[in-house]
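# Working through the structure, step by step
The primary structure of each chain is shown beneath.
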Amino acid sequence: MLRVLIFSIFTSSAAFAAESGGMPQLDPNSWVPQIFWLIITFGGLYIVISKIVFPRLSESIEQRNDYVSDLVDEAKTLAEQTEKLNNEYKELISNSKKEAQEIITNGRKKLNAEFDKKKNELDKNISELTEKAEKEIQSFKSNSIKDVQTIASQVSGELLKELSLNDEIDQNIIIKKIEDISKKKMGELN
């Protein structure tokens with residue numbers, strides 16, 4: 001309640017003051033000085049704004065726009081450099097993969113060639129050793145058969161002499177018979 005009373009006192013006192021003096025803006029006698037001071041005030045503000053504030057503000061905006069455009073240009077050049085480096089990197093990777101593939105392929109070919117060469121050398125050595133061993137075996141067989149034939153003819157000749165079965169047995173017949181038996185045994189072995 002006290003608030004309402006204080007509010008009404010203040011508003012009523014302001015209303016009485018306006019009635020007694022009137023509003024100077026509406027009094028035609030005070031219009032000329034008001035217009036004069038209006039022109040001086042706004043003229044001064046216009047001069048201050050147009051000569052001091054506006055140039056500084058324009059310069060600041062222009063500097064900001066230049067700074068932003070410089071940053072945009074720099075970003076574009078960095079993007080171009082990044083793209084260029086990225087393409088070079090991709091090309092380097094591609095070339096490295098190709099070189100690695102070529103190295104692997106050449107290495108395989110070289111290893112296969114060396115392997116085939118060593119294999120052929122080993123096959124040749126094995127075949128030479130096999131031929132040599134077969135020749136030695138054949139030589140041993142033929143020499144052993146001849147030795148066996150000689151021993152057999154000597155033994156059989158001695159046996160027959162010892163037994164004295166027949167003094168007229170010809171040594172050539174014994175050798176011929178041993179050779180026939182040897183040939184049959186050789187045929188069975190081969």
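Everything numeric in this text was worked out from a predicted model, so none of it was measured. Every chain is numbered on its own, with residues counted from 1 as its sequence reads. Local features in this predicted model are restricted to residues whose pLDDT is 70 or higher, and side-chain atom pairs enter the listing and the counts only when it is 80 or higher, whereas totals over whole chains, interfaces and linings include all residues. The basis for the side-chain values is all heavy atoms of the structure; hydrogens and waters are excluded.

## Quick look at the overall build of the protein chain
Counting its regular elements, the protein chain contains 3 helices and 0 strands. The N-to-C order of helical and strand elements in the protein chain reads α-α-α. Out of the 190 residues in the protein chain, the part that is buried amounts to 5%. As presented, the protein chain carries roughly 17,400 Å² of accessible surface, and 62% of it is formed by carbon and sulfur atoms. Counting from the N terminus, the helices are the DSSP runs of H or I reaching at least four residues and the strands are the DSSP runs of E reaching at least two. Only protein chains enter the calculation, and the probe is 1.4 Å; a residue is then buried if its accessible area is under 20% of its type maximum, exposed if over 50%, and partly exposed in between. The method behind every accessible area is Shrake-Rupley, applied with a 1.4 Å probe, and residues are considered shielded solely by the protein chains displayed.

## Regarding the packing of aromatic side chains
Working definition: a ring pair exists when centres of Phe, Tyr or Trp rings (six-membered ring for Trp) sit within 6.5 Å. Plane angles under 30 degrees give stacked, over 60 give edge-to-face, the rest tilted. Summed over the entire model, instances satisfying the criterion amount to 1 aromatic pair. Ring centres of Phe 36 and Trp 37 lie 5.2 Å apart, and the angle between their planes is 75°; this geometry places the pair in the edge-to-face category. On the accessibility criterion, Phe 36 (44% relative accessible area) is partly exposed. Since its relative accessible area comes to 53%, Trp 37 is described here as exposed.

## Side note on a nonpolar patch on the surface
Grouping into patches uses exposed residues only, defined as over 30% relative accessible area, and leaves out salt-bridged ones; the cut-off is 9 Å for like charges and 5 Å for nonpolar side chains (Val, Leu, Ile, Met, Phe, Trp, Tyr). Salt bridges are counted wherever a side-chain nitrogen of Lys or Arg sits within 4 Å of a carboxyl oxygen of Asp or Glu. A cluster of nonpolar side chains, contributed by Leu 38, Phe 42, Leu 45, Val 48, Ile 49, Ile 52, Val 53, Phe 54, Leu 57 and Ile 61, occupies part of the molecular surface with about 920 Å² of accessible area. Looking at the secondary structure, you find Ile 52 in helix α2 (residues 31-163). Classification of Ile 52 as partly exposed rests on a relative accessible area of 40%.

## Quick notes on the environment of Lys 183
Summarising the element assignment, Lys 183 is placed in helix α3 (residues 171-189). C-alpha separation for the pair Lys 183 and Ile 145, spaced 38 residues apart in sequence, amounts to 9.2 Å.

## Observations concerning a negative patch on the surface
On the surface, Glu 59, Glu 62, Asp 66, Asp 70, Asp 73 and Glu 74 cluster together into a patch of negative charge. The class for Glu 74 is partly exposed, based on a relative accessible area of 46%. Counting rule for charge: Lys and Arg are taken as positive, Asp and Glu as negative, and neither His nor the chain ends is counted. Note that the charge is assigned to NZ on lysines, CZ on arginines, CG on aspartates and CD on glutamates.

## Examining the confidence of the model for the protein chain
A residue-level look at the protein chain finds 79% of positions with pLDDT of 70 or above and a mean pLDDT of 82. When pLDDT is averaged over each element of the protein chain, α2 comes out on top at 88 and helix α1 (residues 2-21) at the bottom at 59. Confidence of the predictor at the level of single residues is captured by pLDDT, which takes values from 0 to 100.

## Regarding the environment of Thr 77
As for its placement among the helices and strands, Thr 77 is situated in helix α2. Here the side chain of Thr 77 touches Glu 74 through a polar contact of 2.7 Å, landing on its backbone oxygen. Here a polar contact means two N or O atoms within 3.5 Å. Within protein one must be a hydrogen donor candidate and the other an acceptor candidate, and residues neighboring in sequence count only if both atoms are side-chain atoms.

## Comments concerning the side chain of Ser 30
Structurally, Ser 30 is set in the loop between α1 and α2. Within polar-contact distance, the side chain of Ser 30 engages the side chain of Gln 34 at 3.3 Å.

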